[in-house]
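Close look at the chain arrangement
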Amino acid sequence: MALLQISEPGQSTNPHEHRLAAGIDLGTTNSLIASVKSGKAEILNDEQGSDTLPSVVRYTANKIIVGTDAKSAAAKDPLNTISSVKRYMGRGLTDIKELGGRRPYEFAEGDSAVPRIRTVAGDVSPIEVSAEILKSLKSRAEAALGDSLTGVVITVPAYFDDAQRQATKDAGKLAGLNVLRLLNEPTAAAVAYGLDKKAEGVIAVYDLGGGTFDISILRLHKGVFEVMATAGDTTLGGDDFDYVIAKWIMQQAGINETEKDISHHQMRRLMRDACAAKETLSNMDSAELNIELDDGSNWSGHLTLDVFNELITLLVQKTLLPCRRALRDAGIDASEIKSVVMVGGSTRVPQVRDKVADFFQQQPLTDINPDTVVSMCAAIQADVLVGNKSGDDLLLLDVIPLSLGLETMGGLVEKVISRNTTIPVARAQDFTTFKDGQTAMSIHALQGERELVSDCRSLGRFTLHDIPSMVAGAARIRITFQVDADGLLSVTAREETTGVESGIEVKPSYGLTDTEIETMLRDSIEHAEDDVTARMLREQQVEAERVLEALQAALADDGGLLNAAERKQIDVAANKLSELSNGNELRAIKDAITELDKAATEFVARRMDGSIKKALAGHNVNEF
Ligand code: ADP
Ligand code: MG
C-alpha cells in the first residue's frame, strides 16, 4: 500500500494549485498592482481600464474614496483629501513639520509618536491612509483575477529606513494583505529591464517619482544583483516641479498672497494646472495655462519649455548630489557605470534626461514605461515567493544606509554593522560587565556614523537580566544585530555561560529624514578628529570610574587591612581622581589614576595575601 502523503504546514494540499500573488508599487503619487498571468507579468487595470491608481484618499462623513475620484475632489475638499501620504509613512510629527509648507491638512496635536491627520471621518494615521490605497488595489486585483491573493510584494524606496519599512508592512497587514516581503524600487526596476541577463557590470538606477528620489548603484556579479550603495531624497520629486510652476503662475497672475494666506482651494487648483503644464512640456515646447482664481476671474498665459527649464534647474541639480554620494560610497567613478536605468514619471522631463546623461556620460535607458517598470518585477518576485516558480530566479540584495551600533560605557558607540553592508546580515560581538556582581545590562541600539551616543540616533533599548553574578569583565555577553531582507533590525543579547537571552525587534516610533542622514554623514567626516579626542577622554573617564568603583568595593570588604593614615592617603588620591574625572583634562585624569594606583599598592598587596590565605583555608597545601 502506498504511504499517505501529508503536505507541509501552510502549503496547499493540491500540488498543482496556482497561488495568486501580486506585486504592488505603492507610490507617493501613483500606485499599481501587477500579477504574473500565464508566465508573464501584467498590470491589473480597474474596471474603467486604468492602470495607475492615484495615491489619494478622500474621507467623507460616511465613506472613503480612493484614487481618481478622490484626486478630482482634492481642489474642492482639500482638508479631507490626502495625497502624497507616503512622505509621512513612519515619520513623527516633528519630522513632518520639517518636510515643509505644502501641507493643506491639519495634524492632530498630541504627543503620540504616530501623527494623525484630522478629517471629517475622524483622525487617521498615514498607515491607515496607505492601507486604504492597498485595499483598493487588493479588490481591483481580486476582481481581475477572480480569487483572493495569497501574498504580495510591496516596493519601497531604497532609502526607506526601518520605521518607514515597518509602517509599510503594517499598512499591508491592515489592508488584509499577506506581505511576503518589501522590495527596493530601483532594484526591482533593474531586474525588470532584464539587466540581470546581460553581462556583468555596474548599473545606476535613477528613480524620480512624484515625491521621492532614489539613486542606486547596483553591481551584477555571478547573476546576483548586489546593491553597492544607495542615496536619495525622500522629499524631492515631480511635486516640487509642480510647486515651482505654481509659484511662477502666482507671480505672473499677480497673486500677492503668501503661500500661508492663499486658500487651500486656490493652491490645489494651481498645483493641478501646474502639473498638467509640466506633463505637456515633456512633448511640447510650450503649454497653455488657464487659471481660475478665487475671486472668480481667470488668468491666461503660457509656460515655455525654456522658462520651465530655468524654474527646475536647481531641483534637477539637487538630484545629482545623492548621485555623487552614491558613487563615492560605491567607490567608483561615473565612467565605470555600464547602464543607467530611468524610473518614475518625472524622468520623462527632458531636462532630467539631459542632466542624467551628462552626469553619467551616456544615454540613460528609457524604453520601458517608467511608471510600471517597478510593479512588474514585484509581481515576478511575489510569484516566486508564493511558490509558483522555483526560488532561484531572483536574489536581490540591498544595503543599510547608516551604521548600526551599541552604546558602551561612557556614552560611546561601538559599531556592529557598518553602513552600506549588504542585507540580510547578522553580526555578533562580545561585550562584558562593568561592575562586580552586575546582573543586568542595558542595551541601547543606535544608528549613525559618529563616536558619541549623543550624536547618533537612538533606535531602541532593552535590558538583559539574570546575568550570573561575577567579577567585572568575566561575563561574556554576545550581542547579535540582525537585519532581515526587508531591512528591519532585531537585536538579541545572550549571556554565553548560562544561555540567558533577551532581545528586541527595533521598531522606532519614527525614522530619520534624508537631511538628517546627510547631516549625520557630513558631521561624521567633519568631526572625525574631535571624535577621536572625545573618545579618548570618555575612555579615560570610564577608566577612572571603573578604578573608583573597584576601590570602593575593596574598601568595603577589606578596609580593615588599613590603618587610619594609610586609609587617609588612599582617600585623598581617590577624591582627587573623582573630581578630575568629570572634567575634560585627559592628561590630569590619567595622572590621577596613576597616583591612586601608587597610593593603593600596599593595600592591593595585603588584600591579595588575605585572599590567598582565605583560599587556602581548609585545604592541604599539596592540593595546589
Ligand atoms: P511615484 O513613484 O512617486 O508615485 P510616479 O513614478 O508615478 O511617482 O511619478 C509621478 C510623477 O511623474 C508626478 O509628479 C507626475 O506629474 C510625473 N509625470 C508623469 N507623467 C509625466 C510626464 N509625461 N512628464 C513629466 N512628468 C510626468
Ligand atoms: Mg515610483
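We now examine the overall build of the chain. Assigned secondary structure in the chain consists of 15 helices and 27 strands. Intrachain contacts of the chain at a sequence separation of at least 6 include 66% that bridge at least 24 residues. When the accessible area of the chain is evaluated, it comes to approximately 29300 Å², of which 49% is carbon and sulfur surface.

To describe two helices that pack against each other, one gives the angle between their axes and the distance between the axes. Relative orientation of the contacting elements helix α5 (residues 185-192) and helix α10 (residues 373-385) amounts to 85 degrees, with a least axis distance of 8 Å. In terms of their interaxial angle, α5 and α10 are classed as roughly perpendicular. Across the interface between the two elements, Glu185, Ala188, Ala189, Val191 and Ala192 of α5 pack against Val373, Val374 and Cys377 of α10.

A few words now on the sheet that holds strand β19 (residues 404-408). Pairing is antiparallel in the open sheet, where 4 strands are placed in the order β20-β19-β23-β24. With partners counted over all chains shown, the strands left at the sheet margins are β20 (412-417) and β24 (457-464), one partner each. Neighbouring strand axes in the sheet, compared pairwise and without regard to direction, differ in orientation by 30 degrees on average. Pairing geometry for β19 and β20, over 5 bridges, is antiparallel. Note that in β20 the partner of leucine 404 across the bridge is isoleucine 417.

This next bit is on the site of ligand 1. Taken together, 18 residues lie near ligand 1, and Thr29, Gly210, Lys278, Glu279 and Ser282 sit nearest. Contact between ligand 1 and asparagine 30: an oxygen atom at 2.9 Å from a main-chain N or O atom of the residue. Contacts to ligand 1 include glycine 345, whose backbone N or O atom sits 2.9 Å from an oxygen atom. Expressed as a share of its isolated accessible area of 570 Å², the protein-covered part of ligand 1 is 90%. Within the residue set of the shell around ligand 1, elements represented by two or more residues are α6 (238-252) and α7 (264-280). When its residues are assigned to classes, the shell around ligand 1 shows 2 nonpolar, 12 polar and 4 charged.

With their axes 10 Å apart at the nearest point, α6 and helix α8 (residues 305-330) run at an angle of 135 degrees to one another. In terms of their interaxial angle, α6 and α8 are classed as oblique. When the axes of α6 and α8 are compared, the crossing they make is right-handed. Each of Asp240, Phe241, Val244, Ile245 and Trp248 in α6 lies in contact with α8, whose residues at this interface are Val307, Phe308, Leu311, Ile312, Leu315 and Val316. The residue inventory of the contact of α6 with α8, partitioned by class, reads 10 nonpolar, no polar and 1 charged.

Helix length check: helix α4 (residues 162-174), at 13 residues, gives a terminal C-alpha distance of 18 Å against a target of 18 Å (1.5 Å per residue), a fit within 8%. Most of α4 sits out of view: 10 of its 13 residues are buried. Looking at the packing, one finds that the buried side of α4 touches β1 (21-26), α3 (126-145), β10 (151-156), β11 (179-184) and β26 (489-495). Just downstream of α4 lies glycine 176, where phi reads positive at about 80 degrees.

Looking now at the confidence of the model for the chain. Overall, the prediction assigns the chain a mean pLDDT of 83, with 85% of residues at 70 or greater. Per-residue pLDDT stays below 50 along residues 507-511; that stretch engages in 21 contacts with residues further than four places along the chain or on separate chains. Considering only residues more than four positions removed or in separate chains, one finds that residues 618-624, a stretch of pLDDT under 50, has 3 contacts.

Burial within β11 is extensive, with 5 of its 6 residues counted as buried. Note that β10 and β11 share 5 bridges and pair parallel. Each residue of the ladder has a partner; that of valine 152, found in β11, is valine 179. For the handedness criterion, the β-α-β arrangement of β10, α4 and β11 is classed as right-handed.

For the coordinates displayed, the defined rule picks out 24 salt bridges. A salt bridge links lysine 37 to glutamate 42; the nearest nitrogen and oxygen atoms lie 3.5 Å apart. We classify lysine 37 as partly exposed; its relative accessible area is 30%. With a relative accessible area of 35%, glutamate 42 lands in the partly exposed category. Its salt-bridge partner being arginine 269, residue aspartate 294 comes within 2.9 Å of it at the nearest N-O pair. Of this pair, aspartate 294 sits in the loop between β15 (286-292) and β16 (298-304) while arginine 269 is found in helix α7, placing the two residues 25 residues apart along the sequence.

What follows covers the sheet that holds strand β7 (residues 81-83). One open sheet accounts for 3 strands, arranged β6-β5-β7; its pairing is antiparallel. Only two strands of the sheet have a single neighbouring strand rather than two, namely β6 (64-66) and β7. Geometrically, the sheet is characterised by an average inter-axis angle of 20 degrees between neighbouring strands, direction not taken into account. Pairing of strand β5 (residues 56-59) with β6, which is carried by 3 bridges, proceeds in the antiparallel orientation. When the sheet's bridge partners are listed, arginine 58 is paired in β6 with isoleucine 65.

Cut-off values and rules
Here the residue numbers are simple positions, counted from 1 along each chain's written sequence. Each chain is given a letter, starting from A, and each ligand a number, starting from 1, according to the order in which they appear as written. Only residues with pLDDT of 70 or above have their local features reported here, since the model is predicted, and side-chain atom pairs are shown and tallied only from 80 upward, although totals for entire chains, interfaces and linings are computed over all residues. Note that the side-chain values use all heavy atoms of the structure and ignore hydrogens as well as water. Numbering of helices and strands starts at the N terminus; helices are DSSP runs of H or I of at least 4 residues and strands are runs of E of at least 2. Any two residues whose heavy atoms approach within 4.5 Å are treated as being in contact. To be clear on the numbers: accessible area is Shrake-Rupley with a 1.4 Å probe, and residue cover counts the displayed protein chains and nothing else. Only the stretch in contact is used when a helix axis is fitted, and all axes are lines through C-alpha atoms; the angle between N-to-C directions ranges over 0 to 180 degrees. By the definition adopted for this analysis, an angle is roughly parallel if under 35 degrees, roughly antiparallel if over 145, roughly perpendicular if from 65 to 115, and oblique otherwise. At least two DSSP bridges between two strands are needed for those strands to be called paired. Nearness is judged by heavy atoms alone; a residue qualifies as near a molecule or strand once a single heavy atom is within 4 Å of it. Polar contacts here mean pairs of N or O atoms no more than 3.5 Å apart (in protein, one a potential hydrogen donor and the other a potential acceptor; neighbouring residues in sequence count only if both atoms are side-chain atoms). Under the grouping applied here, Gly and all other residues not named as nonpolar or charged are polar, the nonpolar ones being Ala, Val, Leu, Ile, Met, Phe, Trp, Tyr, Cys and Pro and the charged ones Asp, Glu, Lys and Arg. Crossing handedness is read from the near helix: turned anticlockwise from the far helix by less than a right angle, it gives a left-handed crossing, and turned clockwise, a right-handed one. Expected span, for any helix, means 1.5 Å times one less than how many residues it has. Accessible area is worked out with a 1.4 Å probe on protein chains only. A residue is then buried under 20% of its type maximum, exposed over 50%, and partly exposed in between. On a range of 0 to 100, pLDDT expresses the predictor's confidence in each residue. Every crossover in which the path from the first strand over the helix to the second runs clockwise, viewed with the strands pointing away from the viewer, is termed right-handed. Salt bridges are defined by distance alone: a side-chain nitrogen of Lys or Arg within 4 Å of a carboxyl oxygen of Asp or Glu.

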